[in-house]
Amino acid sequence: MNETNAGGVRRRSVEIVVPVYNEAHVLADSIGRLHAYLEESFPFPFRITIADNASTDATWTVATGLTLRLPHVHARRLEQKGRGRALKHVWSRSTADVVAYMDVDLSTGLEGFLPLVAPLLSGHSDLAVGSRLHRQSAVVRGPKREFISRSYNLLLKAGLGALPHSRLRSSGGTPTSDAQCGFKAVRTEVFRALAPHIEDTAWFFDTELLVLAQRNTLRVHEVPVDWVDDPDSRVDIVRTAVDDLLGMARMFRATVTGRTRVHAVPRRTTVPQNVTALPTAAATAVEPMEYAS
């Protein structure tokens, strides 16, 4: 993944993590589509890492099989569940310049991936989030999921936005509209600085990362996405909502007491054009795991 250009300069790279739990029935198709798309369309070195969160079906067997067939696919298995746990584990150990993740159902249009990571690779931004609630997004999903998503984000802004200088905003100055979209990226060195301060190991991980980034005046880039909801989603909405409310209360207390300030966060440095060759359009504890590549 650490390739060099014609001048011998290392090219910037991206690691995409796909966290999975009991997804054997869709894993091969989704990873195959993602790998094919990136090989054909993505202009930077990349790695796809399947992060198996203690699946009890054939997910790990399928994942290791994919590592043998597809050159850019790797797999890691953790013995504990939790999307946040999986992302923190893989991202903290990545050798890529930028780390990202997307849901295994590929609900987000892959055409949005380069716009998501390009501002991070160029040095312009620190964190990038996809938004289903952006006015330019195209979203297909049922009214129940739409209501829940909008209600969550309104509650987040009302609760955490009540503090001085804490309004969640993107790099364009507008409020960040979708904290829970499964389509995010961050500069790896920035994540390593924030990681010890992220407590959640499940779904609130995303929100906690976003709040920490903005409390530390990092630049957040928001991308409108094309999104088709997955009818097979097995998220426990009630349990997730309760955990999120508890997470918001914890983050509120942390902000009041100043515990969200991180003093060792690396600051942006714009990367020279000849290093990135960007298109003009555009130490945590080791947990038990298996690894395949």
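Residues numbered from 1 in each chain as written. Predicted model: local features only at pLDDT ≥ 70, side-chain atom pairs only at ≥ 80, totals over all residues. Heavy atoms only, no water.

1. Remarks on the overall build of the chain
- Regarding its fold elements, the chain presents nine helices and ten strands.
- Scored against the burial criterion, the 293 residues of the chain give a buried share of 53%.
- When the accessible surface of the chain is split by element, carbon and sulfur atoms take 55% of a total near 13,200 Å². (Helix = DSSP H or I, 4+ residues; strand = E, 2+ residues; numbered from the N terminus. Buried < 20%, exposed > 50% of the residue type's maximum accessible area, 1.4 Å probe, protein only. Areas by Shrake-Rupley, 256 points an atom, 1.4 Å probe, with all protein chains shown as cover.)

2. With respect to the packing of aromatic side chains
- Per the counting criterion, the structure on display carries eight aromatic pairs.
- Here the aromatic rings of W91 and F191 are separated by 5.1 Å at their centres, their planes lie at 85°, and the arrangement is edge-to-face. Here F191 lies in helix α6 (residues 188-194) and W91 lies in helix α3 (residues 83-92), a separation of 100 residues in the sequence. Assigned by exposure class, W91 and F191 land together as buried.
- Between F191 and F205, the ring centres sit 6.2 Å apart and the planes meet at 50°, which makes this aromatic pair tilted. Of this pair, F191 sits in helix α6 while F205 sits in helix α7 (residues 205-215), and the two are 14 residues apart along the sequence.
- Classification of F205 by relative accessible area gives buried; the value is 1%.
- Linked through ring pairs, F42, F44, F46, F113 and F183 together constitute an aromatic cluster.
- Over the aromatic face of Y21 sits the side chain of K81, whose NZ or CZ is 4.2 Å from the ring centroid. (Phe/Tyr/Trp six-rings, centres within 6.5 Å; stacked < 30°, edge-to-face > 60°. Lys NZ or Arg CZ within 6 Å of the ring centre and 35° of its normal.)

3. So, the nonpolar core
- By size, the foremost hydrophobic cluster in this structure holds 37 residues, and its most contacted members are I31, I50, M102, F113 and V117.
- Counting only elements with at least two residues in this core, the list comes to β1 (14-20), α1 (24-41), β2 (46-53), α2 (59-69), β3 (73-78), β4 (98-102), α4 (113-121) and β7 (183-187).
- Leaving out residues up to four positions away in the same chain, M102 has contacts with I16, V17, V18, P19, L34, L110, F113, G182 and F183.
- Membership of the second largest hydrophobic core comes to 31 residues, among which are A51, W91, V190 and A213. (Core = buried A, V, L, I, M, F, W, Y, C linked by side-chain atoms within 4.5 Å. Contact = heavy atoms within 4.5 Å.)

4. Considerations on the environment of K81
- Its place among the elements puts K81 in the loop between β3 and α3.
- In this structure K81 comes out as partly exposed when scored by relative accessible area, which is 49%.
- When the C-alpha atoms of K81 and V20 are compared, they prove to be 9.4 Å apart, with 61 residues separating the residues in sequence.
- Discounting chain neighbours no more than four positions away, the residues touching K81 are Y21, N53 and A54.

5. Thoughts on α2
- Along α2, the residues classified as buried are T59, W60, A63, L66 and T67. With its buried residues spanning 120° around the axis, α2 presents them on a single face. Turned more than 90 degrees away from the buried face of α2 sit T61, L68 and R69, all of them exposed. (Arc of directions from axis to C-beta.)

6. Here's the deal with the pattern of salt bridges
- Enumeration according to the criterion identifies ten salt bridges in this entry.
- In the salt-bridge network here, residues are joined through shared partners; they are R83, D103, K184 and D206. (Salt bridge = Lys/Arg side-chain N within 4 Å of Asp/Glu carboxyl O.)

7. Structural notes on the packing of α1 against α2
- As a packed pair, α1 and α2 sit with axes 8 Å apart at the nearest point and diverge in direction by 20°. Classed by the angle they form, the pair α1 and α2 counts as roughly parallel. As α1 packs across α2, the resulting crossing turns out to be right-handed. In contact with A24, L27, A28 and I31 of α1, α2 contributes T59, V62, A63 and L66.
- For the contact of α1 with α2, the per-class residue count stands at seven nonpolar, one polar and no charged. (Axes fitted to C-alpha atoms, helices over the stretch in contact; angles between N-to-C directions. Parallel < 35°, antiparallel > 145°, perpendicular 65-115°, else oblique. Left-handed = near helix turned anticlockwise from the far one by under 90°. Nonpolar A, V, L, I, M, F, W, Y, C, P; charged D, E, K, R; others polar.)

8. Focus: α3
- Of all ten residues in α3, ten are buried; the element is thus mostly enclosed.
- Among all positions of α3, only R83, G84, R85, A86, L87, K88, H89, V90, W91 and S92 are buried.

9. Here we look at the confidence of the model for the chain
- Summing up the model confidence of the chain, the mean pLDDT is 81 and the portion of residues at 70 or higher is 72%.
- Counting contacts from residues 162-168, a segment whose pLDDT is below 50, to residues more than four positions away or on other chains yields 18 contacts.
- pLDDT under 50 marks residues 170-175. Its contacts with residues more than four places away, or in other chains, come to 17 contacts. (pLDDT = per-residue confidence, 0-100.)

10. With respect to unusual backbone geometry
- Phi is positive for A54, which is not a glycine, with a value near 60°.
- Along the chain, A54 falls in the loop between β2 and α2.
- The exposure class assigned to A54 is buried, which follows from its relative accessible area of 13%.
- The phi angle at L106 is positive, at roughly 55°, despite the residue not being glycine.
- Relative to the assigned elements, L106 resides in the loop between β4 and α4.

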